[in-house]
Amino acid sequence: MNVALGGTFDPIHDGHRALFERAFELGDVTVGLTSDDLAPKTRHDERHIRSYEERKAALETELAALATEHDRDWAIRELAEPTGIATEPQFDVLVVSPETETGGKRINEIRRERGHDPLEIEVVPHVYADDGEVISSTRIVRGEIDEHGTPTPERDGRSS
């Protein structure tokens, strides 16, 4: 199967890793990575986001190891719009988090309008930090937790 997922992935954390893991379990993976222009528009909180090239390098490291482990092909493509690559006909499955499931449904509407089969939407549950809250890049950038969800009260967040 051809699997799509997308995001900003800055910084990558265990919640993202759960998405990647599930994607590679299902098939060959293409990750849409938000462009420098799109990335800030997809945030609920205004915060510094590293450049596309920096995010892509970190993502390549994560994906390469999983692809080898699962014997799968993978690619990273730049996303210039929120519905991204998943509206293209070659994909079978879209891997999403609970908060992006609605976007997945919108992608299937677009696919239907274009005469493509809808994608199977695979919702991967949240990964929780040690404090019981959801692990998120925003929490990491604020200095609340590390990428694995361990509280980091001694740390300051990323400056802009």
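It should be noted that the structure appears before, not after, this text.
All of the points below concern the structure found in this document. Since the structure is predicted, the reported quantities are computational estimates derived from the model, not experimental observations.

Another aspect to go through is the sheet that holds strand β5 (residues 120-123). Adjacent strands of a sheet pair through backbone hydrogen bonds, lying either parallel or antiparallel. Strand order in the open sheet made by the 5 strands is β3-β2-β1-β4-β5, with parallel pairing throughout. In this open sheet, the two strands that pair with only one neighbour each are β3 (74-79) and β5. Ignoring strand direction, the axes of neighbouring strands in this sheet form an average angle of 25°. As judged from the 2 bridges shared by strand β1 (residues 2-7) and strand β4 (residues 93-96), these two strands associate in the parallel manner. Paired with Val3 across the strands is Val93, a residue of β4.

Moving on, we come to the environment of Gly143. With respect to the helices and strands, the residue Gly143 is situated in the segment after α4 (137-142). Residue class for Gly143 comes out buried when judged on its relative accessible area of 6%. For Gly143 and Thr68, which are 75 residues apart along the polypeptide, the C-alpha to C-alpha distance reads 32 Å.

Core analysis: the biggest nonpolar cluster contains 21 residues, and Leu5, Phe9, Phe20, Leu59 and Val95 have the highest contact counts within it. Sorting the residues of this core by element identifies β1, α1 (14-26), β2 (28-34), α2 (52-70) and β4 as the ones contributing at least two each. Listed in part, the 10 residues of the second largest apolar core include Ala4, Leu38, Leu79 and Val96.

Looking now at the environment of Phe91. Looking at where Phe91 falls in the secondary structure, it is placed in the loop between β3 and β4. For Phe91, a relative accessible area of 4% corresponds to the buried category. Considering only alpha carbons, one finds Phe91 and His148, 57 residues apart in sequence, at a separation of 30 Å. In this structure Phe91 touches Asn2, Val3, Ala4, Thr30, Arg77, Ile85, Ala86, Arg111 and Leu119, once residues within four positions along its chain are discounted.

A few words on a negative patch on the surface. The grouping of Asp37, Glu53, Glu60 and Glu78 at the surface amounts to a negative patch. Along the chain, the position of Glu53 falls in helix α2. The exposed category is assigned to Glu53, whose relative accessible area is 54%.

Moving on to the packing of α1 against α2. Here α1 crosses α2 at 35°, and the two axes come no closer than 10 Å. Crossing geometry of α1 relative to α2 is assigned as right-handed. Side by side, α1 and α2 meet where Arg17, Phe20, Glu21, Phe24 and Glu25 of the first sit next to Leu59, Glu62, Leu63, Leu66, Ala67, Glu69 and His70 of the second. Looking at the contact of α1 with α2, its residues break down into 6 nonpolar, 1 polar and 5 charged.

About the thresholds
- Residues numbered from 1 in each chain as written.
- Predicted model: local features only at pLDDT ≥ 70, side-chain atom pairs only at ≥ 80, totals over all residues.
- Heavy atoms only, no water.
- Pairing = 2+ DSSP bridges.
- Helix = DSSP H or I, 4+ residues; strand = E, 2+ residues; numbered from the N terminus.
- Axes fitted to C-alpha atoms, helices over the stretch in contact; angles between N-to-C directions.
- Buried < 20%, exposed > 50% of the residue type's maximum accessible area, 1.4 Å probe, protein only.
- Core = buried A, V, L, I, M, F, W, Y, C linked by side-chain atoms within 4.5 Å.
- Contact = heavy atoms within 4.5 Å.
- Patch = residues over 30% accessible without salt bridge, like charges linked within 9 Å, V, L, I, M, F, W, Y side chains within 5 Å.
- Areas by Shrake-Rupley, 256 points an atom, 1.4 Å probe, with all protein chains shown as cover.
- Salt bridge = Lys/Arg side-chain N within 4 Å of Asp/Glu carboxyl O.
- Lys, Arg positive; Asp, Glu negative; His and termini not counted.
- Charge placed at Lys NZ, Arg CZ, Asp CG, Glu CD.
- Left-handed = near helix turned anticlockwise from the far one by under 90°.
- Nonpolar A, V, L, I, M, F, W, Y, C, P; charged D, E, K, R; others polar.

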